[in-house]
Amino acid sequence: RDENKNIGIVSFSVDGIHPHDIAEIAGREGVAIRAGHHCAEPLMSELGVNALARASFYLYNDKNDIDALVRAIKRAKKIFNSI
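Structural notes, computed from the coordinates. In this text, all values refer to a predicted model and were calculated from it rather than measured experimentally.

Take the pattern of salt bridges next. Pairing between side chains becomes possible if they bear opposite charge and their charged atoms approach one another. Taken as a whole, this structure holds 3 salt bridges when the rule is applied. As a salt-bridge pair, Glu 24 and Arg 28 come within 3.0 Å of each other at their nearest N and O atoms. Taken together, the positions of Glu 24 and Arg 28, both in helix α1 (residues 19-28) and 4 residues apart, correspond to about one turn of that helix. Residue classification places Arg 28 among the exposed residues on the basis of a relative accessible area of 67%. One salt bridge in this structure joins Asp 67 and Lys 63, with 2.9 Å as the shortest N-O distance. Here Asp 67 pairs with Lys 63, and both are found in helix α3 (residues 63-81), just 4 residues apart, close to one helical turn. Exposure remark for Asp 67: the relative accessible area of 25% places this residue in the partly exposed category.

Below is the structure:
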């Protein structure tokens, strides 16, 4: 629980869905995440990654926020799996 020793940043991708689409759908669900290179374009190029989605958590976030993110990702998967 020492906020000086914990960082809650998670970069992720979902197969078949561009990170910008994940971020757009999450935003429509009231969840703010970022998508892109996150100031790491040389590394991402080296790894062959075009972009990632990124969620950041801090002391003010709780389980409800995580649940909302999971729901948004599931919504994105539902939308893009039906196309």
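Another point: the nonpolar core. Core analysis: the biggest nonpolar cluster contains 16 residues, and Phe 12, Val 14, Ile 22, Val 31, Ile 33 and Leu 69 have the highest contact counts within it. Looking at this core, the elements that each hand over two or more residues are α1, β3 (52-57) and α3. Counting residues per element, this core draws most heavily on α3, at 5 residues. Setting aside chain neighbours within four positions, we find Ile 22 in contact with Phe 12, Val 14, Ile 17 and Ile 33.

Strand order in the open sheet formed by 3 strands is β1-β3-β2, and the pairing between neighbours is antiparallel. The open sheet is flanked by β1 (8-12) and β2 (34-36), the only strands paired with a single partner. Adjacent strand axes in the sheet meet at a mean angle of 25 degrees when their direction is disregarded. Along the sheet face, α1 touches β1, β2 and β3 and points at about 165 degrees away from the line of β2.

Attention now moves to the environment of Ile 17. By secondary structure assignment, the location of Ile 17 is in the loop between β1 and α1. The buried category is assigned to Ile 17, whose relative accessible area is 7%. Counting along the chain gives 27 residues from Ile 17 to Met 44, while the straight-line C-alpha distance between them is 17 Å. Excluding residues that lie within four positions of it along the chain, Ile 17 makes contacts with Ile 22, Ala 76, Lys 77 and Phe 80.

About the cut-offs
- Residues numbered from 1 in each chain as written.
- Predicted model: local features only at pLDDT ≥ 70, side-chain atom pairs only at ≥ 80, totals over all residues.
- Heavy atoms only, no water.
- Salt bridge = Lys/Arg side-chain N within 4 Å of Asp/Glu carboxyl O.
- Helix = DSSP H or I, 4+ residues; strand = E, 2+ residues; numbered from the N terminus.
- Buried < 20%, exposed > 50% of the residue type's maximum accessible area, 1.4 Å probe, protein only.
- Core = buried A, V, L, I, M, F, W, Y, C linked by side-chain atoms within 4.5 Å.
- Contact = heavy atoms within 4.5 Å.
- Pairing = 2+ DSSP bridges.
- Axes fitted to C-alpha atoms, helices over the stretch in contact; angles between N-to-C directions.

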